[in-house]
Amino acid sequence: MDSIYNDLNAPHSMGTTIIGVTYDGGVVLGADSRTSTGMYVANRASDKITQLTDNVYICRSGSAADSQVLSDYVRYYLHQHTIQLGQPATVKVAANLVRMVSYNNKNMLQTGLIVGGWDKYEGGKIYGIPLGGTLLEQPFTIGGSGSSYLYGFFDQVWKEGMTQDEAEKLVVKAVSLAIARDGASGGVVRTVTINKDGVSRKFYPGNTLPLWHEELEAKDSLLDSLSATSPEPMVS
Amino acid sequence: MSSIGTGYDLSVTTFSPDGRVFQIEYAAKAVDNSGTVVAIKCKDGIVMGVEKLIASKMLLPGSNRRIHSVHHNSGMAVAGLAADGRQIVTRAKSEATNYERVYGEAIPVKELAERVASYVHLCTLYWWLRPFGCGVIVGGYDRDGPQLYMIEPSGISYRYFGAAIGKGRQGAKTEIEKLKLSEMTCRQGVIEVARIIYGVHDEAKDKAFELELSWVCDESNRQHEKVPENLLEEAKVAAKAALEEMDAD
């Protein structure tokens with residue numbers, strides 16, 4: 001029916017699951033790594049968590065091009081602002097600039113973003129900037145196509161003032177749950193933790209992620225299925 | 001009086017052989033001839049006071065304000081040509097709202113002072129503009145604490161603990177230096193500023209004056225506002241009493 005070349009020429013979109021949570025002392029940002037062009041996975045190991053300044057990062061979803069260009073503009077504005085101010089920009093200012101660009105170009109852009117970081121005045125903060133260019137400061141937020149499957153999960157599991165370890169584990173679990181259900185999310189889980197001591201990036205390859213009910217175990221050879229154990233039931 | 005330019009003072013875009021720009025120096029003279037402005041940084045905020053010389057008995061008290069609020073947490077006291085001062089205040093207000101619109105937070109005092117200084121300096125660069133004939137003291141309270149900046153007609157801006165411009169600045173600066181500002185609250189600072197202004201006011205040369213006081217401190221919830229009526233009265237009474245004490249000696 002349609003030409004097989006349609007997919008290759010479709011705009012790159014990050015189906016995506018992106019998450020930002022605050023914890024006691026900072027923030028954890030998490031994302032999957034799938035960039036799709038229609039049904040073709042253009043990049044199975046993309047990095048959707050981009051740096052804006054030393055202390056502020058942004059999770060990108062939606063159109064890959066739009067979110068990359070927007071991040072580039074905001075990084076440029078923040079760089080100038082930091083020089084003028086003489087000290088690191090605050091997360092609030094970074095989020096505001098992202099919102100300005102997003103709102104003023106709402107007719108042309110199609111990207112949902114999560115800005116997260118740490119500054120000495122407010123500590124760890126997360127800001128959600130969905131499609132239209134709203135700005136909302138939240139203790140946690142989720143975005144991207146995979147986030148639809150996580151609303152109920154977060155309703156149950158979220159609590160204020162987690163430790164860094166609890167927050168990171170929560171983010172990894174949530175992204176892997178979304179990857180299991182959302183066809184447009186997949187690959188590896190990347191997290192970025194930001195606090196007063198700086199930034200640390202973590203990487204969780206697909207085979208280290210827990211399996212959720214009815215998924216096949218990752219394996220190297222089909223012959224392994226002869227000696228494989230049955231999958232564990234889902235545990236909360 | 002002072003040296004005359006003899007030909008090098010006709011334009012702000014001309015240097016003299018000894019490296020001075022006379023037009024800017026003449027602009028500073030306009031500031032020196034105006035009523036005194038005193039400002040101090042106390043441990044919990046900023047106090048600014050102006051000796052507003054009354055030109056005519058027909059003027060309504062409280063009119064011709066010399067201290068203006070630029071943003072909710074910062075204010076400006078002006079000395080020199082009043083109309084020039086109004087222009088600078090308008091520009092400062094505009095910079096403050098513009099910053100907030102773009103960056104989503106109140107303009108830091110340092111940034112405000114730099115932008116205003118930059119604007120004042122701009123008018124010293126072109127022959128078809130004249131320098132501003134006024135000096136401005138910017139006092140504000142942002143997340144880095146209370147800060148005080150003074151901007152001269154040349155466009156220079158420095159940060160101060162205490163600053164004075166106008167007629168009685170020499171006397172005022174001497175008095176400010178005697179104060180222990182780091183231990184003083186704004187409530188006490190208000191009394192001191194009033195005392196200093198009454199002290200440097202020259203009864204012989206200038207007849208009447210009106211005292212204008214403003215503050216931005218913890219007590220005012222970090223908002224820049226006129227000092228409350230009762231405190232203002234208290235300050236005036238104390239200042240007059242201090243003056244009589246001096247005279248009695």
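Scroll up to find the structure this text is about.
Residues numbered from 1 in each chain as written. Chains lettered and ligands numbered in written order. Predicted model: local features only at pLDDT ≥ 70, side-chain atom pairs only at ≥ 80, totals over all residues. Heavy atoms only, no water.

Chemist: So, unusual backbone geometry: which residues are in play, and what are the values?
Modeler: All names here are of chain B. You will see that Asn64, though not glycine, has its phi angle at about 55°, which is positive. Within the secondary structure, Asn64 sits in the loop between β2 (45-53) and β3 (67-71). Of note in this structure, Asn221 is not a glycine but carries a positive phi near 60°. As for its placement among the helices and strands, Asn221 is situated in the loop between β9 (209-217) and β10 (225-226). (Helix = DSSP H or I, 4+ residues; strand = E, 2+ residues; numbered from the N terminus.)

Chemist: Which residues make up the interface of chain B and chain A, and what are the values?
Modeler: Listed by partner, the interface residues are 12 residues for chain B and 11 residues for chain A. Buried area between chain B and chain A, summed over both chains or domains, comes out near 1100 Å², and the portion from carbon and sulfur atoms is 48%. On the chain B side of the contact with chain A, B:Tyr103, B:Glu111 and B:Arg143 bury the most area, a combined 46% of that side's loss. The tally of links from chain B across to chain A stands at 0 salt bridges. Remark: the boundary between chain B and chain A carries 3 residue pairs in polar contact (both at pLDDT 80 or more). A per-element tally of the side of chain B that touches chain A places helix α2 (residues 82-103) of chain B first, with 4 residues. Residue composition of the side of chain B that touches chain A, grouped by class: 4 nonpolar, 1 polar and 7 charged. (Contact = heavy atoms within 4.5 Å. Buried area = accessible area lost by both parts, 1.4 Å probe. Salt bridge = Lys/Arg side-chain N within 4 Å of Asp/Glu carboxyl O. Polar contact = N/O pair within 3.5 Å; in protein donor to acceptor, adjacent residues only side chain to side chain. Nonpolar A, V, L, I, M, F, W, Y, C, P; charged D, E, K, R; others polar.)

Chemist: So, the nonpolar core: which residues are in play, and what are the values?
Modeler: A:Val98, A:Val115 and B:Met76 are the most contacted members of the largest nonpolar core, which has 43 residues in total. If sequence neighbours within four positions are ignored, A:Val98 has contacts with A:Leu52, A:Ile58, A:Leu70, A:Val74, A:Leu113, A:Val115 and A:Ile129. With 28 residues, the next largest nonpolar core counts B:Leu181, B:Cys186, B:Ile197 and B:Leu213 among its residues. (Core = buried A, V, L, I, M, F, W, Y, C linked by side-chain atoms within 4.5 Å. Buried < 20%, exposed > 50% of the residue type's maximum accessible area, 1.4 Å probe, protein only.)

Chemist: Residue-level account of the pattern of salt bridges, with values.
Modeler: Evaluated as defined, the whole model comprises 27 salt bridges over all chains. Notably, a salt bridge pairs A:Asp165 with A:Lys169, separated by 3.0 Å at the nearest N-O pair. With A:Asp165 and A:Lys169 both in helix α5 (residues 164-181), this residue pair falls 4 residues apart, about one helical turn. The class for A:Asp165 is partly exposed, based on a relative accessible area of 46%. Residue A:Lys169 is classed as exposed on the basis of its relative accessible area, which comes to 54%. For B:Glu105, the salt bridge identified is with B:Arg143, shortest N-O distance 2.7 Å. Taken as a pair, B:Glu105 in the loop between α2 and α3 (109-122) and B:Arg143 in the loop between β5 (134-142) and β6 (145-151) lie far apart in primary sequence, 38 residues in all. According to the relative accessible area criterion, B:Glu105 is buried, its value standing at 8%. Connected through shared salt-bridge partners, B:Lys52, B:Arg65, B:Glu210 and B:Glu212 make up one network.

Chemist: So what's going on with the side chain of B:Glu111? Which residues, and what values?
Modeler: With respect to the helices and strands, the residue B:Glu111 is situated in helix α3. B:Glu111 gets classed as buried once you look at its relative accessible area, which sits at 2%. Of the polar contacts made by the side chain of B:Glu111, one reaches the side chain of A:Gln84; its length is 3.4 Å. Once you skip the residues sitting within four places of it in the chain, B:Glu111 turns out to touch A:Gln84, A:Leu85 and B:Tyr99.

Chemist: Explain the state of the cysteines residue by residue, including any values.
Modeler: Taken as a whole and judged by the stated rule, the model has 0 disulfides over all chains. In this structure B:Cys42 is a free cysteine whose sulfur lies 4.2 Å from that of B:Cys186, the closest cysteine sulfur available. (Disulfide = S-S within 2.5 Å.)

Chemist: Explain the packing of aromatic side chains residue by residue, including any values.
Modeler: One pass over the structure, following the stated rule, counts 10 aromatic pairs over all chains. Ring geometry for A:Phe153 versus A:Phe154: centroids 5.7 Å apart, planes at 85°, classification edge-to-face. Among the aromatic side chains, those forming a connected cluster through ring pairs are A:Phe140, A:Phe153, A:Phe154 and A:Trp158. Seen from the ring of A:Tyr121, B:Arg143 lies directly overhead, with NZ or CZ sitting 3.9 Å from the centre. (Phe/Tyr/Trp six-rings, centres within 6.5 Å; stacked < 30°, edge-to-face > 60°. Lys NZ or Arg CZ within 6 Å of the ring centre and 35° of its normal.)

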